[in-house]
Amino acid sequence: MAQTYLHTLFGPRARAMQAVAGSRAAYARMEAGEGPLDVLTPRELDFIAARDSLYMASISEHGWPYVQHRGGPAGFLRHVEGNRIGFADYRGNRQYLSAAHVAGDDRIALFLMDYPNRRRLKIIGHAQASDDPAVIAALMPPGHVAEPERAFLIDVVGFDWNCPQHITPRFTEAEMRRASQPLIDEIEVLRARIAELEGKA
């Protein structure tokens, strides 16, 4: 559930605006059971394990929000233990913005999208970068060709499942290929049948 997520992110202004809009009572009930963290369940862990990308927001040294995309093979973001998840961070443009931000303020937010099924999972937590080779190796997807520089370990504080409203379905090349394969197979069968009939003519 999202009790801790909501309680952490709702401030006085948000609560005041909810009161004006008439949604405050419902959100107050949702916040009521908040604890030290929202515990990840198999539902969240299965969703996390199926993702091939994420968006990670961090806070700059000047207080600006910054969003970075991270990707890899499905499952590159992994459950480590308890409420901790992590991923290997590959060598990129060497700006080191996310790594620098986390070193100064460890609060981050993740946005995980499932576009075909119009689902999204929002996560907040405390992140740390690790250059321990054993940690990096444990989070590196097998067979993935990339040069890891560090690992990000994230202790999840809260999460929230969002409604599907306004999510436009999008499909990867692999998803399109899987969906099209039965039609491609049928075309090949029909072509073979046509060739057979033409040969008998």
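Residues numbered from 1 in each chain as written. Predicted model: local features only at pLDDT ≥ 70, side-chain atom pairs only at ≥ 80, totals over all residues. Heavy atoms only, no water.

Draft legend 1. The arrangement of the pairing of strand β2 (residues 65–71) in detail. Across 7 bridges, the pairing between strand β1 (residues 53–59) and β2 is antiparallel. For Tyr55, the partnering residue across the bridge sits in β2 and is His69. (Pairing = 2+ DSSP bridges. Helix = DSSP H or I, 4+ residues; strand = E, 2+ residues; numbered from the N terminus.)

Draft legend 2. Just the pattern of salt bridges, in detail. Applying the stated rule across the entire model yields 12 salt bridges. Across the pair Asp155 and Arg84 runs a salt bridge, and its minimum N-O distance is 2.9 Å. Within this pair, whereas Asp155 is found in strand β7 (residues 148–162), its partner Arg84 is found in strand β4 (residues 84–90), the two being separated by 71 residues in sequence. With a relative accessible area of 30%, Asp155 lands in the partly exposed category. Measuring nitrogen to oxygen at the nearest pair gives 2.6 Å for the salt bridge that ties Arg150 to Asp89. Linking Arg150 in strand β7 with Asp89 in strand β4, this pair joins segments that are 61 residues apart in sequence. Taken together, the shared-partner salt bridges connect Arg70, Asp89, Arg91, Glu149 and Arg150 into one network. (Salt bridge = Lys/Arg side-chain N within 4 Å of Asp/Glu carboxyl O. Buried < 20%, exposed > 50% of the residue type's maximum accessible area, 1.4 Å probe, protein only.)

Draft legend 3. Just helix α5 (residues 97–104), in detail. Among all positions in α5, only Ser98, Ala99, His101 and Val102 are buried. Along the axis of α5, the buried residues cluster in a sector spanning 165°; they form a single face. Opposite the buried face of α5, by more than 90 degrees, sit the exposed residues Ala103 and Gly104. Where α5 is buried, its residues meet β1, β2, β5 (107–114), β6 (119–130) and β7. (Arc of directions from axis to C-beta. Contact = heavy atoms within 4.5 Å.)

Draft legend 4. Structural context of helix α4 (residues 42–49). For α4, the set of buried residues is Glu44, Phe47 and Ile48. For α4, the angular spread of the buried residues around the axis is 100°, confining them to a single face. Turned more than 90 degrees off the buried face of α4, the exposed positions are Pro42 and Asp46. Elements that come into contact with the buried residues of α4 comprise β4, β5, β6 and β7.

Draft legend 5. Molecular detail of the packing of aromatic side chains. Here the structure, examined in full by the defined rule, presents 4 aromatic pairs. A centroid spacing of 4.9 Å and a plane angle of 75° characterise the contact between Phe47 and Trp161, whose relative ring orientation is edge-to-face. With a gap of 114 residues between them, Phe47 in helix α4 and Trp161 in strand β7 connect regions that are remote in the sequence. The same class applies to Phe47 as to Trp161, namely buried. Ring geometry for Phe87 and Phe152: centres 5.5 Å apart, planes at 40°, overall tilted. Note that Phe87 is positioned in strand β4 and Phe152 in strand β7, a separation of 65 residues in sequence. (Phe/Tyr/Trp six-rings, centres within 6.5 Å; stacked < 30°, edge-to-face > 60°.)

Draft legend 6. Up close: the side chain of Arg51. Summarising the element assignment, Arg51 is placed in the loop between α4 and β1. Buried charge without a partner: Arg51 forms no salt bridge, and the closest opposite charge is Asp114, 4.0 Å away. In this structure, Arg51 is in contact with Pro73, Ala74, Gly75, Phe76, Leu112, Met113 and Asp114, ignoring residues within four places of it in sequence. (Lys, Arg positive; Asp, Glu negative; His and termini not counted.)

Draft legend 7. Geometry of the sheet that holds β5. Here we have 7 strands laid out as an open sheet, ordered β2-β1-β5-β6-β7-β4-β3, and antiparallel in their pairing. Two strands bound the open sheet, and with one partner strand each, they are β2 and β3 (78–81). Averaged over all adjacent pairs, the angle separating strand axes in this sheet is 35°, with direction ignored. Bridging between β1 and β5 involves 3 bridges; their strand directions are antiparallel. Following the sheet pairing, Met56 is matched in β5 by Leu110. Most of the contacts of α5 go to β2, to which it runs at about 125°, and overall it touches β1, β2, β5, β6 and β7. (Axes fitted to C-alpha atoms, helices over the stretch in contact; angles between N-to-C directions.)

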